[in-house]
Each structure stands twice: as structure tokens, then as C-alpha cells.
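In case you want the letters, here they are:
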Amino acid sequence: AKWTEAALRDRFGERCGFHVGGHTMSLPAFFDYCASNADEQPLYLFDKRFAETSAGGGGAEPGLAADYAVPAYFSADRDLFAKLPGG
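Everything numeric here is computed off the predicted structure, so don't read it as measured data. (Residues numbered from 1 in each chain as written. Predicted model: local features only at pLDDT ≥ 70, side-chain atom pairs only at ≥ 80, totals over all residues. Heavy atoms only, no water.)

Here we look at the nonpolar core
By size, the foremost hydrophobic cluster in this structure holds seven residues: Leu8, Phe12, Cys16, Phe18, Leu27, Phe31 and Leu64. Only α1 (5-12) and α2 (27-36) provide two or more residues apiece to this core. Other than its neighbours up to four places away in sequence, Leu8 contacts Lys2, Trp3, Gly13, Leu27, Phe31 and Leu64. (Core = buried A, V, L, I, M, F, W, Y, C linked by side-chain atoms within 4.5 Å. Buried < 20%, exposed > 50% of the residue type's maximum accessible area, 1.4 Å probe, protein only. Helix = DSSP H or I, 4+ residues; strand = E, 2+ residues; numbered from the N terminus. Contact = heavy atoms within 4.5 Å.)

Examining the packing of aromatic side chains
For the coordinates displayed, the defined rule picks out three aromatic pairs. Here Tyr73 and Phe74 contribute two aromatic rings whose centre-to-centre distance is 5.2 Å and whose plane-to-plane angle is 90°, an arrangement assigned as edge-to-face. Here the two residues Tyr73 and Phe74 agree in accessibility, since each one is exposed. Of the aromatic side chains, those joined through ring pairs into one cluster are Phe30, Phe31 and Tyr33. (Phe/Tyr/Trp six-rings, centres within 6.5 Å; stacked < 30°, edge-to-face > 60°.)

Below, the structure written as C-alpha cells:
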């Protein structure tokens, strides 16, 4: 399981920051925040450039993109917006 919390902490540590609710945060800091969070509107990790961010600027680590595939549910043939005029 490559995407468990423990595996991601080991793999990336503090070396890259992800976009979290308008802030840049390392994965360990985000996991710590999640573990102690009681916010009514919690921060969430949304980084549309996660593949580039996790690659660490071209180092030997391929980043998360090497492990990621778009789920079938979101495949191009199910994209209803593409079926609209001009889509």
C-alpha cells in the first residue's frame, strides 16, 4: 500500500509542500493537523499539481504521478461536460 499515511510520511517527509486550504504544508504537518483537527471547516489537501509537487524538482523520486491513474468513474467516456455543445 503505497498511499498509506506511514508510507507517504516515509517517502516524502518534509521535502515537499502541498497546497492545503490556501497554505503550503508538508505531508507530515497535514497528517498531524488531521489527527488533531476539531475545526468546523477543516483544511483539505487540494493540489492540482501534486504530480509536480511530489516529484521534488526533478530528483530521482518519480513522485505520486507514477502511482496514480484516473479512476474509471472519471474516465473521458463518462465526461458529460464533453457532450455539451462546444465541449
